[in-house]
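Observations on the model geometry
Here's the letter readout for the chains.
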Amino acid sequence: MRFLVSIIVCMLVMPLTIMAAIPEKPAYNSYVYDKANVISDDVEQNLIRAAKALEGSTGNVIVMMTIDTIGDLAPYEFGTEVIRKWGIGDEKLNNGMLIFATTDQGPGKNDVWISVGEGLEGDYPDGLLGSMVDTYMMPYLENGDYTNAFANIFSTFYEEMGGDAGGADLVKPINEDDDWPIALIIFIVIIYLSLSKFGGGGPGGRRRAARRIYRAGGFSTGGFGGGGRSSGGFGGFGGGSSSGGGAGRRF
Amino acid sequence: MIKNNKGNALVTVLVIIAVIGIVAMFTIPKYNKLIEGEEQIDASWAQVENQLQRRFDLIPNLVNSVKGYAAHEEGIFTQIAKARTDYGNAGTVEQTATANNELSAALARLLVIVEKYPDLKADVQFTRLMDELAGTENRLAVARKDYNETVQQFNNNVRTFPGNLIAKMFGFEKKAYFEIKEGVEESPTVDFGSND
């Protein structure tokens, strides 16, 4: 009996071992954590700036991550734990979102998942998130195109949440009703992205240049100073939590 | 003499007050901690019930959409209906946990049956329902884990010294964990790639 109890207790203490697989909380929220390095650098910089602008204008915090593997964790556990441990979103509003995809779990076994805090559950119920993953991410992820998968899903959220970049055209709006062939859309996205602000500089210098701009707060149109956010300011982790909401697929 | 007696009485009173004070100093924080623990348990249990309710509400929709494609699989619909009624009647944590296991088992069976109907699996509405169901199962798992962690902390407090004395004094009792029946998948695994 005592043995049984101790086994049960061990199972209950399991979360401690789960924590080990969760990436450490970064000191500073840079919105995109391309740990697997599969998102093209220019797009990554655009995503970072747009995510920052989105937080500034709507308060919603979207963090994107690519990672080799999430180990034995279920995608929802990984997503929920990262949101909780990092504190993505506002402490009271719980308006954080984590979009992540794995790269090295083998074909058909990779996970793509969107986890949301409770504050976003109303606007984005799991059923909707699942179909958004199907529509905006899966067509690209199946071809190993993480860049466009993240660019597309983020653009959609950005549009829907009413992100305001103070006039700067940060992300290309994607029109669902268009019957354009996907190849054409990809082509346009690529053209658009290569023409976007960070286009200058050689391929080697690009990343660094973009970083510098980002660090220097290159996007300081000043349109979002007095937002109703309580603490931390932009780029901080607000202490948001999640109760396990979200949806995803395997690819 | 009289004066001396008075002095003694005063000392006694002071000592008593001091003892009470010291006891209170140790007791009150612990007592408050136990109360706080109970509140936390109530709150996390409410979260579990929310998710159970959510699942409970989702099931009729799910059953209806499956019925559209597989009306003749009556056995499973009866099983789900029964599990659902049991859940509705459950009062205690244990009863709720049992009814929940029953419901999980029925849903797991339903998902196996669904595999036989490719048309159903391709149905957009059904896909959404399944995402909702999977999401509810996930939330339930999270809520249950949170609840169990709170209970564990509380029970530790109730069982270790000096909490155990205070718990006994004020009638705090160990709380029940929300346990998963062994052998039953903790939740039906809802998993389908976009290709099927």
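Of the regular secondary structure elements, chain B holds six helices and zero strands. Among the 196 residues that make up chain B, the fraction classed as buried is 40%. Considering only intrachain contacts with a sequence separation of at least 6, the fraction spanning at least 24 residues in chain B is 79%.

What follows is about the side chain of Gln51(B). Structurally, Gln51(B) is set in helix H1 (residues 2-67). Beyond its immediate chain neighbours, meaning those up to four positions away, Gln51(B) contacts Thr136(B), Arg139(B), Leu140(B) and Ala143(B).

This part covers the packing of aromatic side chains. A full pass over the atoms with the stated rule returns twelve aromatic pairs over all chains. Ring centres 5.0 Å apart and planes at 70 degrees place the aromatic pair Tyr33(A) and Trp86(A) in the edge-to-face group. Residue Tyr33(A) is located in strand S1 (residues 32-34), and its partner Trp86(A) is located in helix H4 (residues 75-86); the two are separated by 53 residues in the primary sequence. Note on accessibility: Tyr33(A) and Trp86(A) belong to one class, buried. One aromatic cluster is present, formed by Tyr31(B), Phe154(B), Phe170(B) and Phe172(B) through successive ring pairs. Positioned above the aromatic ring of Phe56(B) is the side chain of Arg84(B), whose terminal nitrogen or guanidinium carbon lies 4.0 Å from the ring centre.

For chain B, mean pLDDT is 82; residues scoring 70 or higher make up 89% of the total. Taken as a whole, residues 192-196 of chain B scores under 50 in pLDDT and shows eleven contacts with residues more than four places along the chain or in a different chain.

This paragraph deals with the sheet that holds strand S4 (residues 111-116) of chain A. All names here are of chain A. The sheet built from five strands is open, its strands ordered S1-S2-S3-S4-S5 with mixed pairing. Each end of this open sheet is capped by a strand with a single partner; those strands are S1 and strand S5 (245-250). For this sheet the average axis-to-axis angle between neighbouring strands, irrespective of direction, equals 10 degrees. Note: strand S3 (residues 96-102) against S4, five bridges, orientation antiparallel. For Leu-98, the partnering residue across the bridge sits in S4 and is Ser-115. The strands touched by H4 are S1, strand S2 (61-67), S3 and S4; relative to S4, the strand with the most contacts, the crossing angle is about 45 degrees. The strands touched by helix H7 (residues 146-161) are S2, S3 and S4; relative to S3, the strand with the most contacts, the crossing angle is about 165 degrees.

Residues and elements named next belong to chain B. A contiguous nonpolar surface patch, about 390 Å² in accessible area, is contributed by Leu-10, Val-13, Leu-14 and Ile-17. You can see Ile-17 is positioned in helix H1. By relative accessible area, which is 52% here, Ile-17 ends up exposed.

By the definition in use, this model includes 16 salt bridges over all chains. A salt bridge links Arg84(A) to Asp146(B); the shortest N-O distance between them is 2.8 Å. Of this pair, Arg84(A) sits in helix H4 while Asp146(B) sits in helix H5 (residues 124-159), on two different chains. Taking the relative accessible area as the measure of exposure, Asp146(B) reaches 21% and is therefore partly exposed. Notably, a salt bridge pairs Asp131(B) with Arg249(A), separated by 2.9 Å at the nearest N-O pair. Within this pair, whereas Asp131(B) is found in helix H5, its partner Arg249(A) is found in strand S5, the two belonging to separate chains. The exposure class assigned to Asp131(B) is buried, which follows from its relative accessible area of 5%. With a relative accessible area of 4%, Arg249(A) lands in the buried category. Salt bridges linked by common partners bring Glu121(A), Asp126(A), Arg54(B), Glu132(B) and Arg139(B) together as one network.

Of all hydrophobic cores here, the largest spans 59 residues; its most connected members are Met97(A), Ile99(A) and Phe157(A). At nine residues, the largest contribution of residues to this core is made by H7(A). Residue contacts for Ile99(A): discarding those within four places in its chain leaves Ile62(A), Val63(A), Met64(A), Met65(A), Trp113(A), Ile114(A), Met137(A), Phe150(A), Ile153(A) and Phe157(A). With 23 residues, the next largest nonpolar core counts Leu62(B), Val66(B), Ala70(B) and Phe77(B) among its residues.

Moving on to the pairing of S5(A). Residue and element names in this part refer to chain A. S5 sits mainly inside the fold: five of its six residues count as buried. Taken together, the six bridges between S4 and S5 define a ladder with antiparallel strand orientation. Counterpart to Ser-115 in the pairing with S5 is Gly-246.

Quick look at the pairing of S4(A) now. S4(A) sits mainly inside the fold: six of its six residues count as buried. Residues Asp111(A), Trp113(A) and Ser115(A) line one face of S4(A) and the alternating positions Val112(A), Ile114(A) and Val116(A) line the opposite face, and both faces are buried.

The next thing to look at is the environment of Leu47(A). All names here are of chain A. Turning to its location among the elements, Leu-47 is positioned in helix H3 (residues 41-58). Between the alpha carbons of Leu-47 and Val-63 there is a distance of 9.7 Å; along the sequence they are 16 residues apart. Filtering out sequence-adjacent residues up to four positions away, Leu-47 remains in contact with Val-32, Ile-39, Met-64, Phe-150, Ala-151 and Phe-154.

What counts, and where the lines are drawn
- Residues numbered from 1 in each chain as written.
- Chains lettered and ligands numbered in written order.
- Predicted model: local features only at pLDDT ≥ 70, side-chain atom pairs only at ≥ 80, totals over all residues.
- Heavy atoms only, no water.
- Helix = DSSP H or I, 4+ residues; strand = E, 2+ residues; numbered from the N terminus.
- Buried < 20%, exposed > 50% of the residue type's maximum accessible area, 1.4 Å probe, protein only.
- Contact = heavy atoms within 4.5 Å.
- Phe/Tyr/Trp six-rings, centres within 6.5 Å; stacked < 30°, edge-to-face > 60°.
- Lys NZ or Arg CZ within 6 Å of the ring centre and 35° of its normal.
- pLDDT = per-residue confidence, 0-100.
- Pairing = 2+ DSSP bridges.
- Axes fitted to C-alpha atoms, helices over the stretch in contact; angles between N-to-C directions.
- Patch = residues over 30% accessible without salt bridge, like charges linked within 9 Å, V, L, I, M, F, W, Y side chains within 5 Å.
- Areas by Shrake-Rupley, 256 points an atom, 1.4 Å probe, with all protein chains shown as cover.
- Salt bridge = Lys/Arg side-chain N within 4 Å of Asp/Glu carboxyl O.
- Core = buried A, V, L, I, M, F, W, Y, C linked by side-chain atoms within 4.5 Å.

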